[in-house]
Amino acid sequence: MTRHAILLATGAVWAVMMSALLKREVLPYFAYQAPPTYRGLLQTRVEPERTRAAIHLGRDKRGAIDTLIEPQMDGSFRWRSVAEFEAAVPTPGRTELLNVPVSFRSEVVIDATYQLARFRWDLRSFFHGWVRGRRTGNRLRIEYEVEAMGSRLAGGAQEMDFPEDTMVGDVFQPYLGGGRLYVGKKWKIATIELHHTGFRLGTLYAAVTAREVFRVRFRDLIGFRVEVRRKPSDEVLPALILHCQEDGTAVKQKVTFENLEYVVTVEEKKSLGPEEVAEWIRRHGWSAEEDP
């Protein structure tokens, strides 16, 4: 009788532990829906659109992000973005922060079927690094190189699986928008991450946690709070917090860089004519040689 009681108690404890483990570690992954797609984001765009956003650290304006999305004659889209700012970097043994200029340029081409065709990222600071990617079917080939003071530090090429409809955000804009939001909605965000073995396709987990009023450029807006985590658990602190409008467009985001919180706020969004597009390209020094 005692042996049966012990077995019964052990089984009950095991069932409770497995239930808790399942609830905490497994079920959260199934709560996340299919991510937004380029089709949902771009299919209603018929003319070039420019978005300007400011980067602040506290009250101090540190830089800006300037983005241009262009529909092309063949039905494809060209998405270019330039971010320039001064990062505040802690230095060992010193209380003051070191200001480091950072320039990041990205270009993405989405084909007429709303699939990622190719991309290029270019980062310049005290070092220079670039990444190029080109999709063929459900495979993505990546080439990269990093150099500093004229010396090549790293570089190479590799291929990875790349499922259909995958959207990829860049370093400063991991969430590109798209899709109606509501409290409780959850989805996955694909990221390309650098590891000691090379690049791999990673995942961030986004969740709409509240409907709230937030302040953008001296006016109050009603929208949604979106929290983005590296694991699908509320116990993990958000890596990114976004304030979005009803249509899913992010107008304000808080991102941590070197343990400091930067706030990126949209200042202007407008359609451009052909001459304005040409001026945008000229101002940022874009050239055909920089195409992916």
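What counts as what
Every residue gets a number counted from 1 within its own chain, in the order that chain's sequence is written. Local features in this predicted model are restricted to residues of pLDDT 70 or higher, and side-chain atom pairs are both shown and tallied only at a pLDDT of 80 or more, whereas totals for entire chains, interfaces and linings draw on every residue. To get the side-chain values, all heavy atoms of the structure are used, and hydrogens and water are removed first. The helix and strand labels rest on DSSP assignments: H or I over at least four residues marks a helix, E over at least two residues marks a strand, and numbering proceeds from the N terminus. Using a 1.4 Å probe on the protein chains alone, a residue whose accessible area is under 20% of its type maximum counts as buried, one over 50% counts as exposed, and one in between counts as partly exposed. Here, two residues are considered to be in contact whenever any of their heavy atoms come within 4.5 Å of each other. Note on areas: Shrake-Rupley, 1.4 Å probe, and residue coverage restricted to the protein chains presented here. Among buried residues, the Ala, Val, Leu, Ile, Met, Phe, Trp, Tyr and Cys ones that are joined through side-chain atoms within 4.5 Å form a nonpolar core. Note: two strands are recorded as paired if DSSP finds a minimum of 2 bridges between them. Any Lys or Arg side-chain nitrogen located within 4 Å of an Asp or Glu carboxyl oxygen qualifies as a salt bridge. Confidence of the predictor at the level of single residues is given by pLDDT, which spans 0 to 100. Side-chain rings of Phe, Tyr and Trp (the six-membered ring for Trp) are treated as a pair once their centres are within 6.5 Å; stacked means planes under 30 degrees apart, edge-to-face means over 60, and tilted covers the remaining angles. Charge-over-ring contacts are defined here by two conditions on Lys NZ or Arg CZ: a distance within 6 Å of the ring centre and an angle within 35 degrees of the ring normal.

## Quick word on the overall build of the protein
Looking only at helices and strands, the protein has 3 helices and 14 strands in total. Going through the 292 residues of the protein one by one, you find that 41% of them count as buried. Here the contacts in the protein between residues at least 6 apart in sequence split such that 45% fall between residues at least 24 apart. A total of about 17000 Å² of accessible surface is found on the protein, and carbon and sulfur atoms cover 55% of it.

## A closer look at the nonpolar core
Tyr38, Leu42, Phe119 and Ile192 are the most contacted members of the largest nonpolar core, which has 34 residues in total. Residue contributions to this core peak at 6 residues, all from strand 3 (residues 77-90). Counting residues in hydrophobic clusters, the runner-up holds 12 residues, among them Leu181, Ala206, Val208 and Leu240.

## A word on the pairing of strand 6 (residues 128-136)
Two faces make up the sheet, and in a regular strand the side chains alternate between them. For strand 5 (residues 116-124) and strand 6, the ladder comprises 7 bridges, and the chain directions are antiparallel. Within strand 6, the residue paired with arginine 120 across the bridge is arginine 132. Once strand 5 ends, the chain turns through 3 residues before running back antiparallel as strand 6.

## A short note on the pattern of salt bridges
The tally for this structure, following the rule as stated, stands at 21 salt bridges. The residue arginine 152 makes a salt bridge to glutamate 145 at a minimum N-O spacing of 3.2 Å. Overall, the relative accessible area of 23% leaves glutamate 145 in the partly exposed class. A salt bridge links glutamate 227 to arginine 225, with the nearest nitrogen and oxygen atoms 2.8 Å apart. For glutamate 227, a relative accessible area of 11% translates into the label buried. Each of the salt bridges in this network shares a partner with another, and the network as a whole consists of Arg45, Glu49 and Lys269.

## A closer look at the confidence of the model for the protein
With 81% of its residues at a pLDDT of 70 or more, the protein has an overall mean of 79. Contacts from residues 3-30, a stretch scored under 50 in pLDDT, to residues over four places away or in other chains number 9 contacts.

## Some thoughts on unusual backbone geometry
A positive phi angle is found at tyrosine 114, which is not glycine, with a value near 65 degrees. Structurally, tyrosine 114 can be placed in the loop between strand 4 (97-110) and strand 5. Residue classification places tyrosine 114 among the buried positions, given a relative accessible area of 14%. A positive phi is found at aspartate 165, a non-glycine position, where the angle reads about 75 degrees. Along the chain, aspartate 165 falls in the loop between strand 8 (151-161) and strand 9 (186-195).

## So, the pairing of strand 14 (residues 260-271)
Relative to strand 14, strand 1 (residues 49-57) runs antiparallel, the two sharing 8 bridges. Bridge pairing in strand 14 places histidine 56 opposite valine 263. Across 6 bridges, the pairing between strand 13 (residues 250-257) and strand 14 is antiparallel. Opposite lysine 254, over in strand 14, you have valine 263 as the bridge partner.

## Focus: the side chain of arginine 62
With respect to the secondary-structure elements, arginine 62 resides in strand 2 (residues 60-71). Among all residues touching arginine 62, those that are not within four sequence positions of it are Ile55, His56, Leu57, Glu84, Phe85, Glu86, Ala87, Ala88, Asn99 and Tyr262.

## Points about the packing of aromatic side chains
Each aromatic ring pair is described using two quantities: the centre-to-centre distance and the angle formed by the ring planes. What the rule picks out here adds up to 4 aromatic pairs. Look at phenylalanine 119 and tryptophan 121: their rings are 4.9 Å apart centre to centre, the planes differ by 40 degrees, and that puts the pair in the tilted class. By relative accessible area, which is 9% here, tryptophan 121 ends up buried. The ring centre of tryptophan 187 lies 5.6 Å from the NZ or CZ of lysine 185, which sits over that ring.

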